[in-house]
Each structure stands twice: as C-alpha cells, then as structure tokens.
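Chain by chain, the residues run as shown.
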Amino acid sequence: MARRCDTRLVKRERAVELVEHVLLSLDEGRAEWPLSLVTELYIFGSLARGAIEPHDVDIDVEFDIDRRWAEHFAGCLAYGRNPHSPMKRALTSGRRGCQFQFNFRDHADFDMTLLWRKDDTLPTALERLHLIRPDPAAGRAPRHAMLPQFDGID
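Residues numbered from 1 in each chain as written. Predicted model: local features only at pLDDT ≥ 70, side-chain atom pairs only at ≥ 80, totals over all residues. Heavy atoms only, no water.

1. So, the overall build of the chain
Okay, step 1: Along the chain, the regular secondary structure elements total four helices and four strands.
Okay, step 2: Counting from the amino terminus, helix and strand elements in the chain follow one another as α-β-β-α-α-β-β-α.
Okay, step 3: Counting only residues that meet the buried cut, the chain has 39% of its 154 residues in that class.
Okay, step 4: About 9600 Å² of surface is accessible on the chain, with carbon and sulfur atoms providing 51% of the total. (Helix = DSSP H or I, 4+ residues; strand = E, 2+ residues; numbered from the N terminus. Buried < 20%, exposed > 50% of the residue type's maximum accessible area, 1.4 Å probe, protein only. Areas by Shrake-Rupley, 256 points an atom, 1.4 Å probe, with all protein chains shown as cover.)

Given below as structure tokens:
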C-alpha cells in the first residue's frame with residue numbers, strides 16, 4: 001500500500017495518532033531545549049472542528065523566547081534556514097502530516113482548541129484531544145482571504 005503524502009487527505013484516526021505523537025514528544029522532551037520553551041499547544045482547522053477526513057493537522061505552538069532562541073533565530077536568518085525546524089523535528093520525529101504555526105494564537109481570526117498548557121499532564125492533553133467528537137458535517141473552512149487569481153486552485 002502506498003503511503004499518502006502530507007498534501008492529501010488524512011483520515012481522522014491517522015490525524016489523531018499524529019497529534020498523540022506530538023503530545024507524547026512534547027511531554028517527553030519538555031525539559032530539553034527547544035521544547036522547554038513551549039508554553040501552549042493548540043489545534044485548529046478541520047480536525048479541531050471534528051472532520052472525518054481532515055486535510056492535514058493544524059497545530060499552533062506557543063513558546064517563550066530566551067537568549068538561546070534569539071541567537072538561534074538570528075543565525076538561521078543569516079544563513080537562510082528555518083528557525084523552527086528543531087522544534088518541529090522534536091515534536092514530530094520526522095512524521096509528516098502536521099502543519100505548524102508558531103506564536104500565532106494572538107494573530108488568528110478563528111478559534112483554536114487548547115490541547116496542552118505548560119505543567120499539564122499528558123493524560124490531560126490526551127483527554128482534551130479525545131473530547132473533540134467526530135462531525136461528518138465538518139469540513140474545510142471557507143477560504144475568504146484568497147485573491148481572485150487563486151480561485152479554484154485549492
């Protein structure tokens with residue numbers, strides 16, 4: 001069986017497994033940099049609305065910035081690297097299917113579902129995830145911010 005790439009639909013069970021893996025990685029690595037900077041983790045998008053076949057898993061990672069992060073960030077900018085790569089790698093172990101935003105909560109014009117807050121236990125975060133009930137009517141959110149030139153591409 002061919003493995004689906006992350007640009008295709010992700011079945012709900014697989015999406016939940018991906019989020020469970022992220023939460024487990026966060027719990028196990030919370031004492032190590034860069035995961036020690038994470039303060040909250042949210043999901044949003046179709047999975048958060050209960051979609052049966054989410055397009056992908058949308059995750060917002062809220063984190064504090066310390067001196068080491070600032071130096072890392074500046075170095076990445078200077079050399080054209082993605083400064084969030086170490087955090088994404090630590091959270092996913094290279095698994096595909098998650099789309100990350102970082103420190104995005106205060107800029108979002110849509111609801112996000114809190115899964116984890118610093119000092120929460122893994123069972124608490126998993127319970128929040130599993131409280132999201134499947135909703136066959138839930139699908140992709142309308143895309144209102146698209147330029148007319150991009151109509152029909154999604």
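2. Side note on helix α4 (residues 122-130)
A turn of α-helix holds 3.6 residues, and therefore any two residues three or four places apart point the same way.
Okay, step 1: When we look at burial in α4, the residues that qualify are Leu122, Ala125 and Leu129. Down the axis, α4 shows its buried residues gathered within 70 degrees of arc, on one side only. Along α4, exposed side chains directed more than 90 degrees from the buried face belong to Pro123 and Glu127.
Okay, step 2: Those residues of α4 hidden inside the fold are in contact with α1 (12-29), β1 (38-44) and β4 (113-117). (Arc of directions from axis to C-beta. Contact = heavy atoms within 4.5 Å.)

3. Brief notes about the pattern of salt bridges
Okay, step 1: Tallied over the full model, the rule gives seven salt bridges.
Okay, step 2: The residue Lys11 makes a salt bridge to Glu53 at a minimum N-O spacing of 2.3 Å. Within this pair, whereas Lys11 is found in the segment before α1, its partner Glu53 is found in the loop between β1 and β2 (57-63), the two being separated by 42 residues in sequence.
Okay, step 3: A relative accessible area of 37% means that Lys11 is categorised as partly exposed.
Okay, step 4: Arg128 is the partner of Asp120 in a salt bridge, and the nearest nitrogen-oxygen pair spans 2.5 Å.
Okay, step 5: Asp120 gets classed as buried once you look at its relative accessible area, which sits at 15%.
Okay, step 6: Overlapping salt bridges, with partners in common, bring together Glu40, Arg105, Asp106 and Arg117 in one network. (Salt bridge = Lys/Arg side-chain N within 4 Å of Asp/Glu carboxyl O.)

4. Focus on the nonpolar core
Okay, step 1: Ranked by internal contacts, the top residues of the largest apolar core, which has 31 residues, are Leu23, Leu41, Ile43, Ile59, Val61 and Met87.
Okay, step 2: Counting only elements with at least two residues in this core, the list comes to α1, β1, β2, α3 (85-92), β3 (98-102), β4 and α4.
Okay, step 3: Broken down by element, the residue count for this core peaks at seven residues, all from α1.
Okay, step 4: Contacts of Leu41, omitting those with residues within four sequence positions, involve Val22, Leu23, Leu26, Ile59, Asp60, Val61, Thr113, Leu114, Leu115 and Trp116.
Okay, step 5: Formed by five residues, the second largest nonpolar core is a distinct cluster that contains Tyr42, Phe44, Ala108 and Met112. (Core = buried A, V, L, I, M, F, W, Y, C linked by side-chain atoms within 4.5 Å.)

5. With respect to the side chain of Thr92
Okay, step 1: Within the secondary structure layout, Thr92 lies in helix α3.
Okay, step 2: The exposure class of Thr92 is buried, given its relative accessible area of 8%.
Okay, step 3: Within the structure, Thr92 has its side chain in polar contact with the backbone oxygen of Lys88 (distance 2.8 Å). (Polar contact = N/O pair within 3.5 Å; in protein donor to acceptor, adjacent residues only side chain to side chain.)

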